[in-house]
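Results of the structural survey
The residues making up each chain are set out below.
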Amino acid sequence: MREKTKALRTLIYLVPFGLAVASLWFGTVRIPLLDVFKTLLSPLVPSWKAALPAGYVDIVFGIRLPRIILALAAGSALSISGASLQALFKNPLVNEYILGLSSGAGFGAALSLVFLPHFPPQLLAFAFAIVAVLLVLSIASRSESPAVSLLLTGVIISAFFTALLSLVELFASPYSLQALFYWLMGNLSLAGWAQILPSLPVILAGSLILFRMRWRLNVLSMSDDEARSLGIHVRREKFLVVVLAALVTSAAVSTAGIIGWIGLIVPHLVRMMFGAENRRVLPLSAALGASFLLAADDATRSLASFEVPVGIFTSLIGIPLFILLLRRSSKVWL
Amino acid sequence: MRIEVRDLRFRRARFELAIPSLSIEPGRLTAVVGPNGAGKTTLLKCLAGLLPAHPGSIVLDGQDLAALSAAARARRLAFVPQEHASAFNYAVRDFILMGRAPYLGLFASPAAEDEARAAEALAFIGLPEYADRPFFEMSSGERRLILIARALAQDTPALLLDEPTTFLDPRHESEVMHLLVRLVAERGKTVLVTLHNLDMAARFADILVVLKSGSIAACGPPGQVLNEELLTRVYEIPMRILAHEGRTFIVR
């Protein structure tokens, strides 16, 4: 049994790399696998560059690579922040949506896209993600039953920001409306280097800090009194995790759009398979989330003659998968 | 480590805890008893730093509790809550390992030495074979023992336990009490425990603190402190003390 879990764990860590290579390879323009490798190494070997058909470099480096990197980064960012927030709020139902993070970030990014087209959307996305989550926390913390009121307040604040978002849509020009619409459904096809470069360092740094806190999250998932008696400065550390999760989520959302369910489903899958220990849950969620979004994106660009926004796809695939696993799993993991 | 209480006051809506002076000695098992709402848990939580106490009102070996950082406090005092409720089902080993948190920084993960401490704590409570089992599969008696093991992994000179025997069957109840006696005798720990079972308190405690409506009604060795008049006054029902084969039984 133990050998089997170990092998499965190794597999989950290896899949993103294999998928990344496969994703470079397929697409509407068929490039032979060997030529993909040659293109990747062509900056180092000038003679290969000359021998390759024109356009390969542009397709691999200009179009496919940034999209793959964004899929990996956004998938792991959403999963790692979902896992951290679930531990922090001692509630496996918490995700970026429930805390209002996604809708806050969505509204901020939309505002930026429509009214400040030359301004990076990440800034407003982050600002409103923080505003939304602080609103949820400040309203919910005054209640007698924090778990229930957290969920309720989250739903309300999300609805509020969704309404604000509709207002932005109403004032948007038809051209920016279409772009906004595609982006809202979760879309990686618009990603070029210019779009992803401002987000990558934020996602990387935020995820890395959350990853370093992975064991601490175990202790933070105890009741507040228990965590305090174990020597944790609960308020300060909770705030740190919320800010990091907001940073990472808003950076992902502002470039990839609103991609549903990954932050909820991926950490659950990992816990079902490997238990609740966050030293395993965080890195495995990051790897599985990265693979999940990349595979979903590959599917959207190869299944139909037109591209289905990946956000629709992750929900359509993710939810039935989740229900299936929920029904088959006899283990108590919550 | 000696815990000294000097003029501790804690006020809540219709309740006030007022302890002018109390000293909890190392190497002794001190039990706090009293009716519901007498302030047992409040006292314990003040001592554990979970409820705010005035600076200078709780002193640990000459050091003011209020002046200590959360981690420094948790290296001196371990608190064992009555119940543990979590949404996540950790393995027993990982659960006990959390007791090492006061020694580990924000970004640190436990090292081999911490694992060894946790394993030793699990062996002390006599459940070494449970390391890989999920916490939620444990019975309520085993869960109490595991909570105590986590406090042991914290490696503190003092342990504060909130009603560790409530809802346990007689066998597990005595198991927990024997464990506390061993902690005092073998490790010289300062142990403060709140109890509802007066027979257990009379049998195992070195010092008894009887609370009533937020103040101390009596304090001292059970043999000297316990009498029918005191118990009847504190619990507000007639109570009798019977001696049988050298042991004390309290009946109502």
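Scroll up a little and you will see the structure.
Figured I'd write up the structure that's included with this text. (Residues numbered from 1 in each chain as written. Chains lettered and ligands numbered in written order. Predicted model: local features only at pLDDT ≥ 70, side-chain atom pairs only at ≥ 80, totals over all residues. Heavy atoms only, no water.)

**Observations regarding the overall build of chain B**
On a plain count of helices and strands, chain B comes out with 9 helices and 12 strands. Rg of the C-alpha trace for chain B: 18 Å, near the compact-globule value of 18 Å for 252 residues, within the 12% margin. Dimensions of chain B, computed from the C-alpha atoms along their principal axes, are close to 55 × 45 × 35 Å. Going through the 252 residues of chain B one by one, you find that 54% of them count as buried. Across chain B, every contact between residues at least 6 apart in sequence was considered, and the portion connecting residues at least 24 apart equals 65%. About 10800 Å² of surface is accessible on chain B, with carbon and sulfur atoms providing 50% of the total. Where the 29 positive side-chain charges of chain B centre and where its 29 negative ones centre are 4 Å apart. (Helix = DSSP H or I, 4+ residues; strand = E, 2+ residues; numbered from the N terminus. Rg over C-alpha atoms; globule rule 2.2 N^0.38 Å. Buried < 20%, exposed > 50% of the residue type's maximum accessible area, 1.4 Å probe, protein only. Contact = heavy atoms within 4.5 Å. Areas by Shrake-Rupley, 256 points an atom, 1.4 Å probe, with all protein chains shown as cover. Lys, Arg positive; Asp, Glu negative; His and termini not counted. Charge placed at Lys NZ, Arg CZ, Asp CG, Glu CD.)

**What to know about the pattern of salt bridges**
Taken as a whole, this structure holds 27 salt bridges over all chains when the rule is applied. The residue glutamate 4 of chain B makes a salt bridge to arginine 6 of chain B at a minimum N-O spacing of 3.8 Å. Residue glutamate 4 of chain B is classed as partly exposed on the basis of its relative accessible area, which comes to 25%. Among the charged side chains, a network of salt bridges with common partners joins Glu277 and Arg279 of chain A together with Asp94 and Glu115 of chain B. (Salt bridge = Lys/Arg side-chain N within 4 Å of Asp/Glu carboxyl O.)

**Here we look at the nonpolar core**
Grouped burial of nonpolar side chains is what soluble globular proteins tend to show. In this structure, Ile96, Ile146 and Leu180 of chain B are the most contacted members of the largest nonpolar core, which totals 159 residues. With 16 residues, helix H4 (residues 56-88) of chain A is the largest single contributor of residues to this core. Beyond its immediate sequence surroundings of up to four residues, isoleucine 96 of chain B is in contact with Ala118, Ala121, Leu122, Ile146, Ala149, Arg150 and Ala153 of chain B. Counting 30 residues, the second-largest nonpolar core is a separate cluster that includes Leu17, Ile19, Ala38 and Leu77 of chain B. (Core = buried A, V, L, I, M, F, W, Y, C linked by side-chain atoms within 4.5 Å.)

**Some points on the packing of aromatic side chains**
All names here are of chain A. For the structure shown, the criterion picks out 6 aromatic pairs over all chains. With a centroid separation of 5.8 Å and an interplanar angle of 50°, the aromatic rings of phenylalanine 107 and phenylalanine 161 are classed as tilted. Placement of the pair is phenylalanine 107 in helix H5 (residues 101-115) and phenylalanine 161 in helix H7 (residues 146-171), with a sequence separation of 54 residues. Given the relative accessible area of 2%, phenylalanine 161 is considered buried. (Phe/Tyr/Trp six-rings, centres within 6.5 Å; stacked < 30°, edge-to-face > 60°.)

**A closer look at the side chain of serine 229 of chain A**
Take serine 229 of chain A: it is sitting in helix H12 (residues 224-229). When its relative accessible area of 5% is taken as the criterion, serine 229 of chain A is described as buried. Look past the residues within four positions of serine 229 of chain A in its chain and what remains in contact with it is Leu50, Ala74, Leu77, Phe79 and Gln154 of chain B.

**Focus on helix H1 (residues 40-47) of chain B**
Residue and element names in this part refer to chain B. The element H1 is extensively covered by neighbouring structure, given that 6 of its 8 residues are classed as buried. Buried within H1 we find Lys40, Thr42, Leu43, Leu44, Cys46 and Leu47. Positive backbone phi, approximately 80°, marks glycine 49, located one or two places after H1.

**Some points on the packing of H4 of chain A against helix H15 (residues 278-303) of chain A**
Residues and elements named next belong to chain A. At a minimum axis distance of 7 Å, the contact between H4 and H15 shows a crossing angle of 140°. Our classification of the angle between H4 and H15 gives oblique. The chirality of how H4 crosses H15 is right-handed. Across the contact of H4 with H15, the residue classes break down as 13 nonpolar, 8 polar and 4 charged. (Axes fitted to C-alpha atoms, helices over the stretch in contact; angles between N-to-C directions. Parallel < 35°, antiparallel > 145°, perpendicular 65-115°, else oblique. Left-handed = near helix turned anticlockwise from the far one by under 90°. Nonpolar A, V, L, I, M, F, W, Y, C, P; charged D, E, K, R; others polar.)

**Topic: the sheet that holds strand S4 (residues 58-60) of chain B**
Residues and elements named next belong to chain B. Pairing is antiparallel across the open sheet formed by 4 strands, whose spatial order is S2-S1-S4-S5. Two strands lie at the open edges of the sheet, namely strand S2 (15-24) and strand S5 (63-64), each paired on one side alone. Two elements, S4 and S5, share 2 bridges in a ladder whose sense is antiparallel. Following the sheet pairing, leucine 60 is matched in S5 by glutamine 63. (Pairing = 2+ DSSP bridges.)

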